[in-house]
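Each chain, written out:
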Amino acid sequence: MVLSRTVHSESDVSLHSTFASRYVRTSLPRFKMPEESIPKEAAYQIINDELMLDGNPRLNLASFVTTWMEPECDKLMMAAINKNYVDMDEYPVTTELQNRCVNMIAHLFNAPLGDEETAVGVGTVGSSEAIMLAGLAFKRKWQNKMRALGKPCDKPNIVTGANVQVCWEKFARYFEVELKEVKLSEGYYVMDPDKAVEMVDENTICVAAILGSTLNGEFEDVKRLNDLLVKKNAETGWDTPIHVDAASGGFIAPFIYPELEWDFRLPLVKSINVSGHKYGLVYAGVGWVIWRNKEDLPDELIFHINYLGADQPTFTLNFSKGSNQIIAQYYQLIRLGFEGYKNIMENCQENAMVLKEGLEKTGRFNIVSKDHGVPLVAFSLKDHSQHNEFEISDMLRRFGWIVPAYTMPPDAQHITVLRVVIREDFSRTLAERLVSDIVKVLHELDTLPGKVTAKIEIHEEKGLEVKQTELEVQRKITEFWRKFVANKKKTNGVC
């Protein structure tokens, strides 16, 4: 009789209880890959438990990015998660869906297209990549023009407001373009078109206007910028164009402000970017850039590859990316249609008004945002003698809310605001609940000794003269909390 013995590895044993196993008795690997495998059940449970410490995405009111989609769209995305979008020959239907999205968005932005003419544009990872591509197109067109005129082309610049998103600074630094920023002023937190046009010179590759400022949601006056530039171009012989960064507002203005002229109806607007993952209502990872016509995208920037099976034109900074976001965008466009997007945007705007009115009733805040623009509410304390916006932001986290506090750019950096972005999944009930929790935070802060007041009282007791204006006190508080928050966000060599 042959005797046999079953040999098994401890890692292959079925887990009757993850929490009774050895896998929860040791710390998770942080810097080096472990030597041995662990069961899939244990890996899932351990990582899932750690992720519980993350914030709730739907309560993250700092973000413009979509945090909820319909289950049917979730299914489509999961079914396509293993498709590499760049492999157009293998996945021709996905490529067709991208082209449909480009054309739908171009028509939404009033691109001057004929009945059978296709739009010029591309899907991107987000508005950051879209802006890089648009900026490169402007730079190359300007360089070609300057070379043809026999003029130097080594010092291009771009004019923006100081309120632009950081991706514009990245573009300028990465691609060696001088960024000329129009400074802000207290009470005016977007680019002044008159000042912007004054800064334009022969080396300006474009002026970037923001349709929906990150700071307060306000739309910049693209129509006035266009009219002023038309006049300056006529006087100087230049042809300085406009790019519209409609990352946030591109899927808002056409539906609730259809009369607003900001898009391709204006002759100098040559390209527009928009974030599908913001008010395009798709999860993070998709943006779009649309050009007015083919002449605005230089041919030398387009690459043709055939090593995936067929000739494929491509103009992107990255190569491989998932197809699921493109599919999700197409789903939203045909699922909702113009009517659906309009209803959602109107609802967001109404909820923003509910939140604004609730904050005004407290009597404690100044509203910095505008009613006309992206549906968000930016607000600041009227009285900074005892507490500030950073403290409110910090204490709101106890209720689960993530509400950012930040300082304005130059020359309004002494102004600190809190900002709540109203997304599709932010209901009327949540708006009312947030106001209630803010009132609770204010009451709790009122019971704490004011840091600045206490310091002034100590100075007075010692007979020291205090000569600080309210603005000076506010600036000191703002600087202290800015450094405090920055130090909290530092990581151990990871960015």
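A brief report on the enclosed structure follows. (Residues numbered from 1 in each chain as written. Predicted model: local features only at pLDDT ≥ 70, side-chain atom pairs only at ≥ 80, totals over all residues. Heavy atoms only, no water.)

Time to look at the packing of aromatic side chains. Tallied over the full model, the rule gives nine aromatic pairs. Centroid distance Trp291 to Phe315: 5.8 Å. Interplanar angle 35°. Geometry classified as tilted. Note that Trp291 is positioned in strand β7 (residues 287-291) and Phe315 in the loop between β9 (312-314) and α9 (324-362), a separation of 24 residues in sequence. Across the pair, Phe315 and Trp291 agree in class, each one buried. By the ring-pair criterion, three or more aromatic residues cluster together here, those being Phe251, Phe255, Phe338 and Tyr341. Lying across the ring of Phe64, Lys278 places its NZ or CZ 5.4 Å from the centre. (Phe/Tyr/Trp six-rings, centres within 6.5 Å; stacked < 30°, edge-to-face > 60°. Helix = DSSP H or I, 4+ residues; strand = E, 2+ residues; numbered from the N terminus. Buried < 20%, exposed > 50% of the residue type's maximum accessible area, 1.4 Å probe, protein only. Lys NZ or Arg CZ within 6 Å of the ring centre and 35° of its normal.)

One can find Glu129 in helix α4 (residues 127-148). Despite being buried, Glu129 has no salt bridge partner; Lys321 is the closest side chain of opposite charge, sitting 4.9 Å away. From its side chain, Glu129 meets the backbone nitrogen of Leu317 in a polar contact 3.0 Å long. Those residues in contact with Glu129 that sit more than four places away from it in its chain are Thr124, Thr316, Leu317 and Asn318. (Lys, Arg positive; Asp, Glu negative; His and termini not counted. Salt bridge = Lys/Arg side-chain N within 4 Å of Asp/Glu carboxyl O. Polar contact = N/O pair within 3.5 Å; in protein donor to acceptor, adjacent residues only side chain to side chain. Contact = heavy atoms within 4.5 Å.)

Within the fold, Gly249 resides in the loop between β5 (242-245) and α8 (253-256). Taking the C-alpha atoms as reference points, Gly249 and Gly212, 37 residues apart in sequence, are found 5.1 Å from one another. Beyond its immediate sequence surroundings of up to four residues, Gly249 is in contact with Leu211, Phe219, Pro254 and Val374.

Okay, the pattern of salt bridges next. Within the structure shown, the criterion is met by 20 salt bridges. Of the charged contacts in the structure, one is a salt bridge between Asp425 and Arg58, with a shortest N-O distance of 3.2 Å. On the criterion of sequence distance, the pair formed by Asp425 in the loop between β13 (416-421) and α11 (428-446) and Arg58 in the loop between α1 (40-51) and α2 (71-79) is long-range, its members being 367 residues apart. As a salt-bridge pair, Asp437 and Lys440 come within 3.8 Å of each other at their nearest N and O atoms. In this pair, Asp437 and Lys440 both sit in helix α11, three residues apart, roughly one turn of the helix. The class of Asp437 is buried, set by a relative accessible area of 2%. Under the relative-accessibility criterion, Lys440 is labelled partly exposed at 37%.

The next point concerns unusual backbone geometry. In this structure, the amide linkage connecting Pro410 to the following residue, Asp411, adopts the cis form with an omega of 0°. Counting through the fold element by element, Asp411 comes out in the loop between β12 (405-407) and β13. Backbone geometry places Asn110, a non-glycine residue, at a positive phi of 60°. Here Asn110 shows up in the loop between α3 (92-108) and β1 (120-124). By relative accessible area, Asn110 is classed as partly exposed at 34%. If you check the backbone angles, Leu281 has positive phi at about 70° while not being a glycine. Within the secondary structure, Leu281 sits in the loop between β6 (269-275) and β7.

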